[in-house]
Amino acid sequence: QVHLVESGGGLVQAGGSLRLSCAASGIIFRLNAMGWYRQAPGAQRELVASITSAGRTYYADSVKGRFTISRDNAKNTVYLQMNSLKPEDTAVYYCNHANERVWWTWGQGTQVTVSS
């Protein structure tokens, strides 16, 4: 059974930074492309960034140049470094497989709140 645990969220002022972590278990982590998603109130869940097993990255236009996704296969963990945060980044952030056809059971997510 796949288990995803997100952490690192919090309340930060606009322009600040946060680093999110997602620890995965129950999978051969290094073989899987991972993604960070977010869901704001009243909005659909959206892909923010993804990283392949080879380390290639993708970013949504809204976060390009501000967010950096990385992974540590030895720790079965994927990270999201978020800089220059904006109020519109406020959402619950989740990790999962980068391909929606492979999605595992969602974790609890981690709340990110950016105040103006």
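As shown above, the structure is provided for reference.
Residues numbered from 1 in each chain as written. Predicted model: local features only at pLDDT ≥ 70, side-chain atom pairs only at ≥ 80, totals over all residues. Heavy atoms only, no water.

### Notes on the nonpolar core
Phase 1 of the analysis: By size, the foremost hydrophobic cluster in this structure holds 29 residues, and its most contacted members are Trp-36, Val-78, Leu-80, Met-82 and Tyr-93.
Phase 2 of the analysis: At the level of secondary structure, the elements contributing two or more residues to this core comprise strand E3 (18-25), strand E4 (34-39), strand E5 (46-51), strand E7 (67-72), strand E8 (77-82), strand E9 (91-97) and strand E10 (110-115).
Phase 3 of the analysis: It is E3 that provides the largest number of residues to this core, a total of four residues.
Phase 4 of the analysis: Those residues in contact with Leu-80 that lie beyond four places of it in its chain are Leu-18, Arg-19, Leu-20, Trp-36, Val-48, Ala-49, Phe-67, Thr-68, Ile-69 and Tyr-93. (Core = buried A, V, L, I, M, F, W, Y, C linked by side-chain atoms within 4.5 Å. Buried < 20%, exposed > 50% of the residue type's maximum accessible area, 1.4 Å probe, protein only. Helix = DSSP H or I, 4+ residues; strand = E, 2+ residues; numbered from the N terminus. Contact = heavy atoms within 4.5 Å.)

### Describing the sheet that holds E7
Phase 1 of the analysis: With antiparallel pairing, four strands are arranged side by side in an open sheet as E1-E3-E8-E7. Two strands close off the open sheet at either side, each with one partner strand: strand E1 (3-7) and E7. Direction aside, the axes of adjacent strands within the sheet are offset by 15° on average.
Phase 2 of the analysis: When E3 meets E8, the two strands line up antiparallel, connected through six bridges. Among the inter-strand pairings, Cys-22 is bridged to a residue of E8, identified as Val-78. (Pairing = 2+ DSSP bridges. Axes fitted to C-alpha atoms, helices over the stretch in contact; angles between N-to-C directions.)

### Some thoughts on the pattern of salt bridges
Phase 1 of the analysis: As enumerated under the stated definition, the model contains four salt bridges in all.
Phase 2 of the analysis: Arg-38 serves as the salt-bridge partner of Asp-89, at 2.9 Å between the closest nitrogen and oxygen. In this pair, Asp-89 sits in the loop between E8 and E9 while Arg-38 sits in strand E4, placing the two residues 51 residues apart along the sequence. Each member of the pair, Asp-89 together with Arg-38, is buried. (Salt bridge = Lys/Arg side-chain N within 4 Å of Asp/Glu carboxyl O.)

### Digging into the state of the cysteines
Phase 1 of the analysis: On inspection of all chains with the given rule, the structure shows one disulfide.
Phase 2 of the analysis: The residue that forms a disulfide with Cys-22 is Cys-95, at a sulfur-sulfur distance of 1.7 Å. Of the two residues, Cys-22 sits in strand E3 while Cys-95 sits in strand E9, which places them 73 residues apart along the sequence. Each of the two residues, Cys-22 as well as Cys-95, counts as buried. (Disulfide = S-S within 2.5 Å.)

### A short note on the sheet that holds E10
Phase 1 of the analysis: Strand order in the open sheet formed by six strands is E2-E10-E9-E4-E5-E6, and the pairing between neighbours is mixed. Each edge of the sheet is formed by a strand with only one pairing partner; in this case those strands are strand E2 (10-13) and strand E6 (57-59). For this sheet the average axis-to-axis angle between neighbouring strands, irrespective of direction, equals 25°.

### Examining the packing of aromatic side chains
Phase 1 of the analysis: What the rule picks out here adds up to four aromatic pairs.
Phase 2 of the analysis: Consider the rings of Tyr-94 and Trp-106, whose centres lie 5.7 Å apart with planes at 80°: the pair is edge-to-face. Linking Tyr-94 in strand E9 with Trp-106 in the loop between E9 and E10, this pair joins segments that are twelve residues apart in sequence.
Phase 3 of the analysis: Among the residues examined, Trp-106 registers a relative accessible area of 25% and is labelled partly exposed.
Phase 4 of the analysis: Here Trp-103 and Trp-106 contribute two aromatic rings whose centre-to-centre distance is 4.9 Å and whose plane-to-plane angle is 70°, an arrangement assigned as edge-to-face.
Phase 5 of the analysis: On the basis of relative accessibility, which here comes to 36%, the residue Trp-103 falls in the partly exposed class. (Phe/Tyr/Trp six-rings, centres within 6.5 Å; stacked < 30°, edge-to-face > 60°.)

The quantities given are spatial measurements derived from coordinates; they are silent on function.
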